[in-house]
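The chain contents come next:
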Amino acid sequence: VYATDLLALQLYNQGVEASSVGNSIMAARLFERATRLDPTFADAHYNLGVCYYDLRHYDKAAQAFKRVLERYPN
């Protein structure tokens, strides 16, 4: 997990917790906030994509995964 903003990291951790108990809506909101604070936070974008996929927001999921690939093309 690489975050340049401490609040983004805290939000990410809260998102992971929400996701672990099946609350994809709350997790997505937390990951969205984390990615707004730190647009380079690839792990947050990835988890946001997973949440969007679980919520059947496939276009948003694809955009989130694309941001991960832009950051880490390999």
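K.L.:
Go over the overall build of the protein, please, and point to the residues and values.
P.N.:
Within the protein one finds four helices and zero strands. Listing every helix and strand of the protein by position from the N terminus yields α-α-α-α. When the backbone C-alpha atoms are referred to their principal axes, the protein occupies close to 25 × 25 × 20 Å. Each of the 74 residues in the protein was classed as buried or not, and the buried ones make up 34%.

K.L.:
Could you give me a rundown of helix 1 (residues 6-20), with the residues and numbers involved?
P.N.:
The end-to-end C-alpha distance of helix 1, which contains 15 residues, comes to 21 Å, matching closely the 21 Å that a straight helix rising 1.5 Å per residue would cover. For helix 1, every residue scored as buried is listed here: A8, L11, Y12, G15 and A18. Here the buried residues of helix 1 occupy an arc of 120 degrees about the axis, which is enough to place them on one side. Facing away from the buried surface of helix 1 by more than 90 degrees, the exposed residues are L6, E17 and S20. Those residues of helix 1 that are buried lie in contact with helix 2 (24-37) and helix 3 (42-54). Backbone nitrogen of L7 and a side-chain oxygen of the N-cap are separated by 2.9 Å at the start of helix 1; the cap is D5.

What counts as what
Each chain carries its own residue numbering, running from 1 in the direction its sequence is written. Local features in this predicted model are restricted to residues of pLDDT 70 or higher, and side-chain atom pairs are both shown and tallied only at a pLDDT of 80 or more, whereas totals for entire chains, interfaces and linings draw on every residue. With hydrogens and water excluded, all non-hydrogen atoms of the structure serve as input to the side-chain values. To qualify as a helix, a DSSP run of H or I must reach at least 4 residues; to qualify as a strand, a run of E must reach at least 2; elements of each kind are numbered from the N terminus. Only protein chains enter the calculation, and the probe is 1.4 Å; a residue is then buried if its accessible area is under 20% of its type maximum, exposed if over 50%, and partly exposed in between. Given the number of residues in a helix, its expected span is that number minus one, multiplied by 1.5 Å. Starting at the helix axis, one direction is taken to each C-beta atom, and the arc is that of these directions. Whether two residues touch is decided by their heavy atoms; if any such pair falls within 4.5 Å, the residues are in contact. By the criterion applied in these results, polar contacts are pairs of N or O atoms within 3.5 Å in which, for protein atoms, one can donate a hydrogen and the other can accept it, and in which residues neighboring in sequence qualify only through two side-chain atoms.

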